[in-house]
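Residues per chain are reported as follows:
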Amino acid sequence: KDDRSRFWGLYKRVAEEHDDDFLERYNGDMDIVLIFSGLFSAVSTSFIVAMESNLSPDPDDTTHALLAQLVQIGLGNFTAAGSTPVSPASTWSPTIANIRIQCIAYASLSFSLLAAFGAVLGKQW
């Protein structure tokens, strides 16, 4: 019985050393993942905010069309002005390239936040 207790005592000491090394190494790795994903998410979010204006019509186009219609009415040219207000925004649609770029940007932000979430769960575990 004495040999068994020495074996398990030695096993416990070696296992604790191995576990401590393992936890220290991967805890540092998770810190790096958290920092990188946080910075990447911040940069990605700023690009998404900057590109958001490409997904909606330019309000200046509507203003210019309505002003041109008012000028035509002011000049007495009712036929050129038309009977209904001009709405260039109704014919506007974003380009396929802008939609694809936005989808990729949102996907990269989602994966970055998922990586940060996984690293936080790993650190708490």
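Residues numbered from 1 in each chain as written. Predicted model: local features only at pLDDT ≥ 70, side-chain atom pairs only at ≥ 80, totals over all residues. Heavy atoms only, no water.

Engineer: Could you give an account of helix H2 (residues 59-74), naming the residues involved and the relevant values?
Structural biologist: When the terminal C-alpha atoms of H2 are compared, their 23 Å separation across 16 residues agrees well with the 22 Å that a helix rising 1.5 Å per residue should span. Immediately downstream of H2, the backbone of Gly76 shows phi near 85°, a positive value. (Helix = DSSP H or I, 4+ residues; strand = E, 2+ residues; numbered from the N terminus. Expected span 1.5 Å × (residues − 1).)

Engineer: Please set out the confidence of the model for the protein chain residue by residue, giving values where relevant.
Structural biologist: Of all residues in the protein chain, 89% attain a pLDDT of 70 or more, and the chain-wide mean is 85. Ranking the elements of the protein chain by mean pLDDT puts helix H3 (residues 78-81) last with 63 and helix H4 (residues 96-124) first with 93. (pLDDT = per-residue confidence, 0-100.)

Engineer: Describe the environment of Leu113, listing the residues and the values that go with them.
Structural biologist: Structurally, the position occupied by Leu113 is in helix H4. Considering only alpha carbons, one finds Leu113 and Phe40, 73 residues apart in sequence, at a separation of 9.2 Å.

Engineer: How would you explain a negative patch on the surface if you had to name every residue and give the values?
Structural biologist: A cluster of acidic side chains, namely Glu16, Glu17, Asp19, Asp20, Asp21 and Glu24, defines a negative patch on the protein surface. With respect to the secondary-structure elements, Glu24 resides in helix H1 (residues 2-51). Using a relative accessible area of 61% as the deciding quantity, one classes Glu24 as exposed. (Patch = residues over 30% accessible without salt bridge, like charges linked within 9 Å, V, L, I, M, F, W, Y side chains within 5 Å. Areas by Shrake-Rupley, 256 points an atom, 1.4 Å probe, with all protein chains shown as cover. Salt bridge = Lys/Arg side-chain N within 4 Å of Asp/Glu carboxyl O. Lys, Arg positive; Asp, Glu negative; His and termini not counted. Charge placed at Lys NZ, Arg CZ, Asp CG, Glu CD. Buried < 20%, exposed > 50% of the residue type's maximum accessible area, 1.4 Å probe, protein only.)

Engineer: Before we move on, could you go through the pattern of salt bridges and cite the residues and values that matter?
Structural biologist: Inspection of the entire model under this criterion finds 1 salt bridge. Among the ionic pairs, Lys123 bridges to Asp31, the shortest N-O distance being 2.7 Å. With Lys123 in helix H4 and Asp31 in helix H1, this residue pair connects regions lying 92 residues apart in the sequence. Here Lys123 falls in the partly exposed class, since its relative accessible area comes to 35%. Accessibility expressed as a relative area gives 33% for Asp31, which makes it partly exposed.

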